[in-house]
Amino acid sequence: MVTSGKDKGKTGKVLFIARDLMRAAVEGINLVKKHMRKTQENQQGGVVQVERSVSLSNIMPFCKSCNRPVRVGFSISKDKTKLRICKRCKQPL
Ligand SMILES: [Zn+2]
């Protein structure tokens with residue numbers, strides 16, 4: 001979920017996270033139009049929409065059971081794998 005900026009309040013699937021850059025790309029968020037030249041790979045050229053990454057500080061995980069953006073905690077499951085849980089309802093995200 002996006003918590004600030006022009007796409008505030010929108011939710012989308014996280015496409016990738018670049019932790020070292022503190023940025024993430026979210027599906028359908030921060031779309032920018034890119035003008036493509038005609039190339040060998042792209043015969044048509046024209047305009048495509050791409051997701052530009054947003055700062056990690058502007059997004060938060062969205063908990064479906066709480067129906068709101070939440071802080072994330074960690075817990076270790078029975079098979080010793082790390083689980084991301086919602087700090088509010090303790091459900092795995
Ligand atoms: Zn929750």
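Engineer: Sorry if this is basic, but what is going on with the coordination of the zinc ion here?
Structural biologist: Under ideal tetrahedral coordination, the four donors around a metal are separated by 109.5 degrees; under ideal octahedral coordination, the six donors are separated by 90 or 180 degrees. Of the protein atoms, only C63 (SG), C66 (SG), C86 (SG) and C89 (SG) coordinate the zinc ion, at distances of 2.2 to 2.3 Å. Every donor counted, the four donor atoms about the zinc ion form angles of 103 to 113 degrees at the centre, which fits tetrahedral coordination. With relative accessibility at 16%, the residue C66 sits in the buried group. In this structure C89 comes out as partly exposed when scored by relative accessible area, which is 25%.

Engineer: Help me understand the nonpolar core in this model?
Structural biologist: Note that soluble globular proteins tend to have their nonpolar side chains buried in a common cluster. If you look at the biggest cluster of nonpolar residues, it comprises seven residues: V2, A24, V26, I29, V54, L56 and I59. Setting aside chain neighbours within four positions, we find V2 in contact with D7, K8, G9, K10, I29, N58 and I59.

Engineer: Is there a simple way to explain the environment of K34 in this structure?
Structural biologist: Along the chain, the position of K34 falls in strand β3 (residues 31-36). Along the sequence, K34 and Q49 sit 15 residues apart, while their C-alpha atoms lie 6.0 Å from each other. Excluding anything up to four places from it in sequence, K34 contacts G46, V47, V48 and V50.

Engineer: Would you explain the pattern of salt bridges in this entry?
Structural biologist: It is possible for side chains of opposite charge to pair when their charged atoms get near one another. As enumerated under the stated definition, the model contains one salt bridge in all. Of the charged contacts, one joins D7 and K10 as a salt bridge, the two residues approaching to 2.8 Å between their closest N and O atoms. Residue D7 is classed as buried on the basis of its relative accessible area of 9%.

Engineer: Is there a simple way to think about the pairing of strand β9 (residues 82-86) in this case?
Structural biologist: Each regular strand carries side chains that alternate between the two faces of the sheet. Looking at chain direction, strand β8 (residues 72-76) and β9 are connected through five bridges and run antiparallel. Paired with G73 across the bridge in β9 is I85. As consecutive antiparallel partners, β8 and β9 are separated by five residues, and within that stretch K80 has a phi angle of approximately 70 degrees, a positive value.

Engineer: When you look at the side chain of D7 in this model, what are you seeing that I'm missing?
Structural biologist: Structurally, D7 is set in the segment before β1 (14-18). Polar side-chain contacts of D7 include one of 2.6 Å to the backbone nitrogen of N30. Once residues within four sequence positions are removed from consideration, D7 is found in contact with V2, I29 and N30.

How each quantity is defined
- Residues numbered from 1 in each chain as written.
- Predicted model: local features only at pLDDT ≥ 70, side-chain atom pairs only at ≥ 80, totals over all residues.
- Heavy atoms only, no water.
- Donors = N, O, S within 2.8 Å, 3.2 Å for Na, K, Ca; no water.
- Tetrahedral: all angles 85-135°; square planar, octahedral: opposite > 155°, others 65-115°.
- Buried < 20%, exposed > 50% of the residue type's maximum accessible area, 1.4 Å probe, protein only.
- Core = buried A, V, L, I, M, F, W, Y, C linked by side-chain atoms within 4.5 Å.
- Contact = heavy atoms within 4.5 Å.
- Helix = DSSP H or I, 4+ residues; strand = E, 2+ residues; numbered from the N terminus.
- Salt bridge = Lys/Arg side-chain N within 4 Å of Asp/Glu carboxyl O.
- Pairing = 2+ DSSP bridges.
- Polar contact = N/O pair within 3.5 Å; in protein donor to acceptor, adjacent residues only side chain to side chain.

Structural measurements only, silent on function.
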